[in-house]
Amino acid sequence: MKRWLLLTGCMLAASCSSAASNTSSGRVIEVFGPYRGVEADDFAASLTEFENDTGITVRYTGSADFVKDLRERVEGGLSAPDIAIVPQPGLVDEMLADDRLVAFDDASVAALTDNYPADLTGTAVKDAEIYSAPSRETIKSLVWYRPSVFEANGWTVPTTLDELTALVDRIQETGDADGPMAPWCFAMQSGSATGWTATDWVEDLVLRQAGVDVYDEWASGKRGFDDPAIRSALTTFNDLVIAPGRTAGGLRNILQTDVTLASAPLFGDQPGCAMYKQASFAESWFPDETVVGEDVDFFVLPGVTDSSLPPLVAGGDSLVQFSDDPDVHRLMTYLISPDGAREWAARGGYYSARTSVDLDTYYTPADRAFAELFRDGRDYRFDASDVMPPAIGSDLFWKEITSWISGATTLDQFVATMDAAYADAPTG
Amino acid sequence: MPNPHDETAQDSAPAADEAPRQLTPIGSVTTWIHDAIKRVPSQDEHDAVDELIPQGGPEFVEYVVRFSLLIVLSASIAAFGLLADSAAVVIGAMLVAPLMTPITAAAAATVTARNPRLWRALAVVAWGTVLAVAVGWLVAMIAGGSVVDLNQLPHEVQARTFPTLLDLGVAVAAGAAAGYILPRRSTSGALPGVGIAVALVPPLATVGITAQLGLSADSRNAFLLFLTNLAAIIFSAGIALALSGFRPNQFSGKRALRTRMAITLVTVAVVAIPLSFHTRTTLEDLRLRRAVSDAVSAWDSEVRIVELNADAHDHRARVELLVVGRGDPRPAWQLAEEIQDRFDAAVDLRLLYQRDELYSVSVR
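The rules behind these values
Residues numbered from 1 in each chain as written. Chains lettered and ligands numbered in written order. Predicted model: local features only at pLDDT ≥ 70, side-chain atom pairs only at ≥ 80, totals over all residues. Heavy atoms only, no water. Helix = DSSP H or I, 4+ residues; strand = E, 2+ residues; numbered from the N terminus. Buried < 20%, exposed > 50% of the residue type's maximum accessible area, 1.4 Å probe, protein only. Contact = heavy atoms within 4.5 Å. Areas by Shrake-Rupley, 256 points an atom, 1.4 Å probe, with all protein chains shown as cover. Disulfide = S-S within 2.5 Å. Core = buried A, V, L, I, M, F, W, Y, C linked by side-chain atoms within 4.5 Å. Domains from an automatic or database assignment. Buried area = accessible area lost by both parts, 1.4 Å probe. Salt bridge = Lys/Arg side-chain N within 4 Å of Asp/Glu carboxyl O. Nonpolar A, V, L, I, M, F, W, Y, C, P; charged D, E, K, R; others polar. Axes fitted to C-alpha atoms, helices over the stretch in contact; angles between N-to-C directions. Parallel < 35°, antiparallel > 145°, perpendicular 65-115°, else oblique. Left-handed = near helix turned anticlockwise from the far one by under 90°. Pairing = 2+ DSSP bridges.

### Comments concerning the overall build of chain A
Thinking step 1. Counting its secondary structure elements, chain A contains 18 helices and 12 strands.
Thinking step 2. Across the 428 residues of chain A, 55% fall into the buried class.
Thinking step 3. Partitioning the contacts of chain A with sequence separation of at least 6, the portion at a separation of at least 24 is 75%.
Thinking step 4. Entry remark: accessible area of chain A is about 17000 Å², with carbon and sulfur atoms responsible for 51%.

Now the structure itself:
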């Protein structure tokens, strides 16, 4: 991370020589991940304590083209990072199978068992050695809205998908009391990852309309895209979100606006949209000083019926290591420990499955609310596109859904392309 | 040995060994230079300075009417030129602007310690300032909203909303030139050049325009540019006039001169503080642009920068880059790290990469 921080620290504390002497190699540890902008600041802030305590310099680099870039760095001969933060379990599995990862040392394994539940679901294990650790978790199934706007228009939070559809129709027809308003804010532009906001939508609809068993079969490749359940979810998504008049700015805005800017119309003096479906991490994309629970609030995307709590599509980042170096092992141990995320948790926008931390003091109120959603007994499943083999879930699915939404391909062509690729791809 | 409290003796024959004890450093230097050249202005030079502003009566009223008309006209030309983004029109406004006369008259009144003239000159400057800002505001109200994109102000407006120490340097040099030219009628042909070098009305018109558009920070900065020019001209024109022999006759006046020159110097120093911050920001942005340019060359020597927006703030570099290359783009993260290696700060990069492929086809 930022060498100026170290330099400034040196000037202030005059402790450079002693700090630097703790660095066995003297080199900079490179961490690579998907966090950019505010999230990159938050992650980097969490590294400061480690850098100050050890004198080791860490540089974090975050890219919108994370999957493509990481593969190039690890497999393509470009310099591999020392540690990566990977949101795609499918990519972790692939790199583990290709022997690209370095097993954790005893200190990191101890940190993992000390801080996380005994059931380490999602941790990459091979030959009794551990190769990945969970990090930040996210909930994808949230719909953000402004309570003041809902109240002013007499709208209520829907409890079923039919109620949501009726509300969307009503907003599209009548708009806000002060003028026209689209039901949704939605954008897809995210570099080579363009399309993930749409796949998140479809996954939530599959999970709700077809249930967890069908979802699991689809995510694991046992059920194709041409399946009626998947087609139904895609059609619902098109009718509910993509159809003309549904989104602020229309199709052109959907395809060209950066995902981090998608919520801007929600916060206008005259809001351009009423709702914004996005993950818990969208909080960091909201305007400064936005207070969750006051200025903006969320509800979980409703299920088909209100007889049970609607399920969650969740995401999560894994920490993996590419260098067998004492300093890198030391950093990994720190990142697994509560210290490794304390600053980010205090800033907000971070929560994890760590059981060793006090929920009330470690997290912000908004993040505690997210954490509680995981603990109220409802079903949740990992983001299907991230579980699929990366060539399918983190590449083709994103590209093909973008082509379909843009009108370049039909639904038939889309599902046929996906199934043909799945048939050729090795399944995990 | 002259009595140090004897004003007559002091005035007529200042003792060289006592001067450093009683004068400020600036005063010492000017006294030394004045003593060295022993220059006394001619009657014509005195008249040239006295005639800058009429000393009252119908002539003064007539002068103020003429001055007001020229301010309104020059501020109108400047405001339309600024909104039209036309440097030539803005320069034309500078040539019509009459503000230089009362400002240099204020400088002359300062060094000759003639209070009524000083206050009269400053009152005329203040009136001209109010008038020029009001004209800028009115022009922007009439035409501005429809022709100006708030996110992309005309370059001529932008250029006047971020004064730096370079502007102070221009004003000091131009003020000295004005102080040298004014008493010498034979050199008055050079005066328009001074007016162009140190623009007075365009910054005031910019104050009015930006205030009307609700851009208060830009408005403050444009007014800072005007204050910079005003303080620097009075200071350096005063020095130049003093070196030309324009000084108070009485000892009390000489003491007042030192006080006044100290006040103008302090004013210049005060406006230099925000200017130095601006200068530092400009230099940081320049260093960042060089770092980005070098980083792009190191990243891929085949690509060409088409557009670069870079801004450094709080140890953070925000870079928006449009490059054109012939082959596949190299990874953007490498470019961001190359920039950080050179600029040593947090980097947020947005890169747009365009393929440069030329196809040439003929059909007969």
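### Things to note about the state of the cysteines
Residues and elements named next belong to chain A.
Thinking step 1. Scanning all chains against the criterion turns up 1 disulfide over all chains.
Thinking step 2. Paired through a disulfide, Cys185 and Cys273 show a sulfur-sulfur distance of 2.1 Å. Taking the torsion about the S-S bond as the criterion, the Cys185 to Cys273 disulfide, at about -95°, is left-handed. Taken as a pair, Cys185 in strand β8 (residues 182–185) and Cys273 in strand β9 (residues 273–277) lie far apart in primary sequence, 88 residues in all. Of the two residues, Cys185 and Cys273, both sit in the buried class.

### Quick notes on the nonpolar core
Residues and elements named next belong to chain A.
Thinking step 1. Ranked by internal contacts, the top residues of the largest apolar core, which has 82 residues, are Leu70, Trp144 and Leu331.
Thinking step 2. No other element matches helix α12 (residues 326–336), which puts 6 residues into this core.
Thinking step 3. Formed jointly, this core draws a minimum of three residues from each of two domains, domain 1 (14–138 + 314–375) and domain 2 (142–312).
Thinking step 4. Dropping the residues within four chain positions of it, Leu331 is found in contact with Ile29, Val31, Leu47, Phe50, Val58 and Ile83.

### Quick look at the interface of chain A and chain B
Thinking step 1. Taken together, the contact between chain A and chain B spans 16 residues of the former and 13 residues of the latter.
Thinking step 2. Across the chain A to chain B interface the summed buried area is about 1300 Å²; carbon plus sulfur atoms make up 48%.
Thinking step 3. The tally of links from chain A across to chain B stands at 4 salt bridges.
Thinking step 4. Among the secondary structure elements, those contributing two or more residues to the side of chain A that touches chain B are α1 (3–13), β1 (29–33), α3 (37–54), β2 (58–62) and α4 (66–75) of chain A.
Thinking step 5. A per-class count over the side of chain A that touches chain B returns 4 nonpolar, 3 polar and 9 charged.

### Structural notes on the packing of helix α10 (residues 228–242) of chain A against helix α18 (residues 411–424) of chain A
Residue and element names in this part refer to chain A.
Thinking step 1. The contact between α10 and α18 brings their axes to 12 Å, and the two run at 135°. In terms of orientation, α10 and α18 fall into the oblique class. In terms of crossing hand, the pair formed by α10 and α18 is right-handed. Judged by residue contacts, Arg231, Leu234 and Thr235 of α10 engage Leu411, Asp412, Phe414 and Val415 from α18.
Thinking step 2. Here the contact of α10 with α18 is built from residues that sort into 4 nonpolar, 1 polar and 2 charged.

### Observations regarding the sheet that holds strand β10 (residues 297–300) of chain A
All names here are of chain A.
Thinking step 1. Spatially, the 4 strands line up as an open sheet ordered β8-β9-β7-β10, and their pairing is mixed. The open sheet terminates on both sides in strands that have one partner only, identified here as β8 and β10. Pairs of neighbouring strands in the sheet enclose a mean axial angle of 30°, with direction left out of account.
Thinking step 2. Of the strand pairs in this sheet, strand β7 (residues 142–145) and β10 are connected by 4 bridges, and their pairing is antiparallel. If you follow Val143 over to β10, its bridge partner there is Phe299.
Thinking step 3. Sheet strands in contact with helix α8 (residues 161–174) are β8 and β9, and its direction is about 115° off that of β8.

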